[in-house]
Amino acid sequence: QVLSHNLCTVLNVPHDPVALEEHFRDDDEGPVSNQGYMPYLNKFILEKVQGNFDKVEFNRMCWTLCAKKNLSKSPLLISDEDAFKVWVIFNFLSEDKYPLIIVPEEIEYLLKKLTEAMGAGWQQEQFDHYKIALNTSREGLSAWELIDLIGSGQFSKGMDRQTVSMAISEVFNELILDVLKQGYMLKKGHKRKNWTERWFVLKPNIISYYVSEDLKDKKGDIILDGNCCVEALPDKDGKKCLFLIKCLDKSFEISASDKKKKQEWIQAIQTTVSLLRVGSPPPHKEARQKRKELRQKLLAEQEELERQMKELQTANENKQKELETVRKQLEAAAARAAEEEKKRLQTQVELQDRFSLELEREKMVRQKMEEQVAQKSSELEQYLQRVRELEEMYKQLQEALEDEKQARQDEETVRKLQARLLEEESAKRAELEKWHLQQQQTIQMTEAEKQELENQRMIKERALQVAMQQLEQLELERKEALEQYEEVKKKLEMAANNTKSWKDKVAHHEGLIRLIEPGSKNPHLITNWGPAAFTEAELEQRQKSWKGKKATSE
């Protein structure tokens, strides 16, 4: 009942003694254990907490409940109040799992903060030796072990009790009370306009000022938000190191003791306002969260690495088992192979004896067969000689026919080429006649258009020259085609002569092969450039086409 009443008082929760009696009415077995008290604590006290309670007083109550039983009895260099502050800092930096411990990384962070607050140098090598000894035995320290570590002075050698106490208080104010900066400064009044020395305390969203640093007589607050700003002021009224804090409803003129303090306060307030604008937590809480996320990431990577190592080890063991199985199978297969080889050799000896007898009988039969084969071979050789002669003649005849066929194909290609060249020549001549007529018509035009037509005439004359060059090129191509035609004609005559000579030879070989003769040819037209590639009917058709084009151009 006393514990429940005190908890309700500290947490600003209304106490209900009737609910307590009703909850434990059926429990007559003696003192209540932790497991028995926790359901009542969660349901009737913790669920009703609104958050508007003094966390330091709540920590003091919890400290009172557990310190007497767990705090070391050996003499320490720190007071009970400092031990309480270290205990609260431990609860802030410890891991979120029970039983609570503080890991070596957070121990290093706390000891560095204390060393910095004491103005001493950090001994990294000394802490590394301590960390190695700690990791070999456990994962971290409990709250009471941390108090013993700091109270033993192992990392604060050469410092007196007061310096250590002030360092613990400074770290406690920063980490637990969210005090970002504190110190004496002069503040200008709003009504009397007089300057008064006050103790200022900067927190994440407020600046409180007191009569003195014992924080007993609070004189006011400066509420900070994202709209606040701070700016330096020039010296005036005999006051130096001035700066101004602007809020929505008020502005505060403050004088620091020196330029360094002034710049530190301006920088601290600007940082606080910037964090309020972006909605970020205080720097030490954000840093703690980042360290925690980094440890979780490293732990996850280590677990993943261990898992992969286990998988590799398991795979290696499976491979070893598979190799052992394969080795046994190979040994068994080798034994079977040796047994089979023995049986095979025995069977081979038996077969050799049997084959030797059969071979003797076959030798006799083969001698008789060889005599008969020799006689048949001589007859077959004569017949094959006759067949080879006929096959040779047949191949030569096929080659002659292929030459004649190729010559005819070449002749047809040349004819097509001549026809295309003649068509292009006629088209060029028609185009030249058309340009000539256009040039004559241009000369008959009026004098006013003479200059413009003269330019067009020059262009057409150049085109005419290009066309003449193309015509000459076509003439050269036609002559080359005619030369190719003569060569093809000679090849065709040679192929015809070869065919005729082979026809006579084949007629003497009992008429075994009949030569396929080409059909009769129609006589070709002869032009002034040589043999034509078209008939008289095609020539008449082309003459009619040319006359029609000429009449159209006129």
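Just so it is clear, the model here is predicted, and its values are computed rather than measured.

## Here's the deal with the packing of helix α1 (residues 2-10) against helix α4 (residues 55-70)
Alright, step 1. Relative orientation of the contacting elements α1 and α4 amounts to 160°, with a least axis distance of 9 Å. In terms of orientation, α1 lies roughly antiparallel with respect to α4. Our pair here, α1 against α4, has a crossing hand that is left-handed. Between α1 and α4, the residues in contact are Leu3, Asn6, Leu7 and Val10 and Glu57, Phe58, Met61 and Leu65, respectively.
Alright, step 2. Residue composition of the contact of α1 with α4, grouped by class: 6 nonpolar, 1 polar and 1 charged.

## Let's talk about unusual backbone geometry
Only a minority of non-glycine residues have a phi that is not negative, and only a minority of peptide bonds are not trans.
Alright, step 1. One non-glycine residue with positive phi stands out, namely Asp178, at about 55°.
Alright, step 2. Turning to its location among the elements, Asp178 is positioned in the loop between α9 (161-175) and β1 (181-188).
Alright, step 3. Residue Asp178 is classed as buried on the basis of its relative accessible area, which comes to 15%.
Alright, step 4. For Leu215, which is not glycine, the phi dihedral falls at a positive 65°.
Alright, step 5. The residue Leu215 is located in the loop between β3 (206-210) and β4 (218-223) in this model.

## With respect to the domain arrangement of the protein
Alright, step 1. Domain annotation of the protein identifies domain 1 (54-177), domain 2 (181-281), domain 3 (307-382) and domain 4 (385-430).
Alright, step 2. For domain 3 and domain 4, the distance between their C-alpha centres works out to 61 Å.

## What about the UniProt feature "domain: PH" (unreviewed entry) in the protein?
Alright, step 1. UniProt feature "domain: PH" (unreviewed entry): in the numbering of this structure it lies at residues 178-274.
Alright, step 2. The annotated region residues 178-274 carries 16% helix and 44% strand content, and the separation between its end C-alpha atoms amounts to 16 Å.

## Some remarks on the side chain of Thr272
Alright, step 1. Position of Thr272 among the secondary structure elements: in helix α10 (residues 259-278).
Alright, step 2. On the basis of relative accessibility, which here comes to 3%, the residue Thr272 falls in the buried class.
Alright, step 3. Those residues in contact with Thr272, other than ones at most four positions away along the chain, are Leu180, Leu202, Lys203, Pro204 and Leu224.

## A look at the environment of Ile207
Alright, step 1. If you trace the backbone, Ile207 turns up in strand β3.
Alright, step 2. Residue class for Ile207 comes out buried when judged on its relative accessible area of 1%.
Alright, step 3. Setting aside residues no more than four positions away along its own chain, Ile207 makes contact with Phe200, Val201, Leu202, Gly220, Asp221, Ile222, Leu224, Ile245 and Ile269.

## So, helix α7 (residues 124-135)
Alright, step 1. Taking 1.5 Å of rise per residue, the 12 residues of α7 would be expected to cover 16 Å, and the 16 Å separating its terminal C-alpha atoms lies within 8% of that figure.
Alright, step 2. Among the residues of α7, those classed as buried are Phe127, Tyr130 and Leu134. Relative to the axis of α7, the buried residues are bounded by an arc of 60° and lie together on one face. Exposed and facing more than 90 degrees away from the buried side of α7 are Glu125, His129 and Ile132.
Alright, step 3. Buried positions along α7 lie against α6 (104-118) and α8 (143-151).

## So, the environment of Gln1
Alright, step 1. Considering the arrangement of structural elements, one finds Gln1 in the segment before α1.
Alright, step 2. Looking at Gln1, the relative accessible area reads 60%, which means it is exposed.
Alright, step 3. For the pair Gln1 and Lys260, spaced 259 residues apart in the sequence, the C-alpha separation amounts to 55 Å.
Alright, step 4. If near-sequence neighbours (up to four positions away) are discounted, Gln1 is found in contact with Leu20 and Glu21.

## Quick look at the pattern of salt bridges
Alright, step 1. Considering all chains together, one arrives at 22 salt bridges under this definition.
Alright, step 2. Of the charged contacts in the structure, one is a salt bridge between Arg388 and Glu381, with a shortest N-O distance of 3.3 Å.
Alright, step 3. Here Arg429 makes a salt bridge to Glu425, at a shortest N to O gap of 3.4 Å. In this pair, Arg429 and Glu425 both sit in helix α11 (residues 283-443), 4 residues apart, roughly one turn of the helix.
Alright, step 4. Looking at Arg429, the relative accessible area reads 42%, which means it is partly exposed.
Alright, step 5. Overall, Glu425 belongs to the buried group, its relative accessible area being 6%.
Alright, step 6. What you see here is one network of salt bridges that share partners, running through Lys188, Lys236 and Glu253.

## Quick look at the pairing of strand β7 (residues 251-255)
The side chains of a regular strand alternate, first on one face of the sheet and then on the other.
Alright, step 1. With 4 of 5 residues buried, β7 is to be regarded as a mostly interior element.
Alright, step 2. Direction of pairing for β1 relative to β7: antiparallel, over a ladder of 2 bridges. Each bridged residue has a counterpart across the sheet, and for Lys187 the counterpart in β7 is Ile254.
Alright, step 3. Pairing between strand β6 (residues 242-246) and β7: 5 bridges, direction antiparallel. Across the sheet, residue Leu242 finds its bridge partner in β7, namely Ser255.
Alright, step 4. In sequence, β6 turns back onto β7 through a hairpin of 4 residues.

## Regarding α4
Alright, step 1. Given a rise of 1.5 Å per residue, 16 residues ought to cover 22 Å, and the 22 Å separating the end C-alpha atoms of α4 matches this to within 8%.
Alright, step 2. When the local axis directions of α4 are compared, the greatest deviation, roughly 35°, occurs at Thr64.
Alright, step 3. All buried positions along α4 are accounted for by Val56, Asn59, Met61, Trp63, Cys66 and Ala67.

## Some remarks on the side chain of Glu106
Alright, step 1. Residue position: Glu106 is located in helix α6.
Alright, step 2. On the basis of relative accessibility, which here comes to 0%, the residue Glu106 falls in the buried class.
Alright, step 3. Here Glu106 is in contact with Leu93, Arg291 and Arg295, once residues within four sequence places are set aside.

## Points about the sheet that holds β7
Alright, step 1. Pairing within the open sheet is antiparallel, and its 7 strands lie in the order β4-β3-β2-β1-β7-β6-β5. Each having just a single partner strand, β4 and β5 (229-233) make up the two edges of the open sheet. When the angles between neighbouring strand axes are averaged without regard to direction, this sheet yields 35°.
Alright, step 2. Inspection of the sheet shows β5 paired to β6 by 5 bridges, in the antiparallel sense. Each bridged residue has a counterpart across the sheet, and for Ala232 the counterpart in β6 is Phe243.

Each value, and the rule that gives it
- Every residue gets a number counted from 1 within its own chain, in the order that chain's sequence is written.
- Given that this is a predicted model, residues contribute local features only at a pLDDT of at least 70 and side-chain atom pairs are listed and counted only at 80 or more, while totals for whole chains, interfaces and linings are drawn from all residues.
- Excluding hydrogens and water, the side-chain figures rest on all heavy atoms present in the structure.
- Simply put, an axis is a line fit to the C-alpha atoms, just over the touching stretch for a helix, and the angle between two N-to-C directions goes from 0 to 180 degrees.
- Secondary structure is summarised from DSSP: a helix means a run of H or I of at least four residues, a strand means a run of E of at least two, and numbering begins at the N terminus for each.
- Note on terminology: angles under 35 degrees are roughly parallel, angles over 145 are roughly antiparallel, angles of 65 to 115 are roughly perpendicular, and the others are oblique.
- Put simply, a crossing is left-handed when the front helix is turned counterclockwise from the back one by less than a right angle, and right-handed when it is turned clockwise.
- Note on contacts: a residue pair qualifies if any of its non-hydrogen atoms lie within 4.5 Å across the two residues.
- Side-chain classes are defined by residue name, with Ala, Val, Leu, Ile, Met, Phe, Trp, Tyr, Cys and Pro counting as nonpolar, Asp, Glu, Lys and Arg as charged, and the others, Gly among them, as polar.
- Exposure categories follow from relative accessible area, calculated using a 1.4 Å probe and restricted to protein chains: below 20% of the type maximum is buried, above 50% is exposed, and the middle band is partly exposed.
- Where each domain begins and ends is defined by an automated method or by a domain database.
- UniProt positions are given in the numbering used here, feature names are shortened, and annotations may be inferred rather than shown by experiment.
- How far a helix is expected to stretch is found by multiplying one less than its residue total by 1.5 Å.
- The arc in question is the one spanned by the directions pointing from the helix axis to the C-beta atoms.
- Any Lys or Arg side-chain nitrogen located within 4 Å of an Asp or Glu carboxyl oxygen qualifies as a salt bridge.
- When DSSP finds two or more bridges between a pair of strands, those strands are recorded as paired.
- Two axes define the bend at a residue: one fitted to the seven residues ending there, one fitted to the seven starting there, and the bend is the angle between them.

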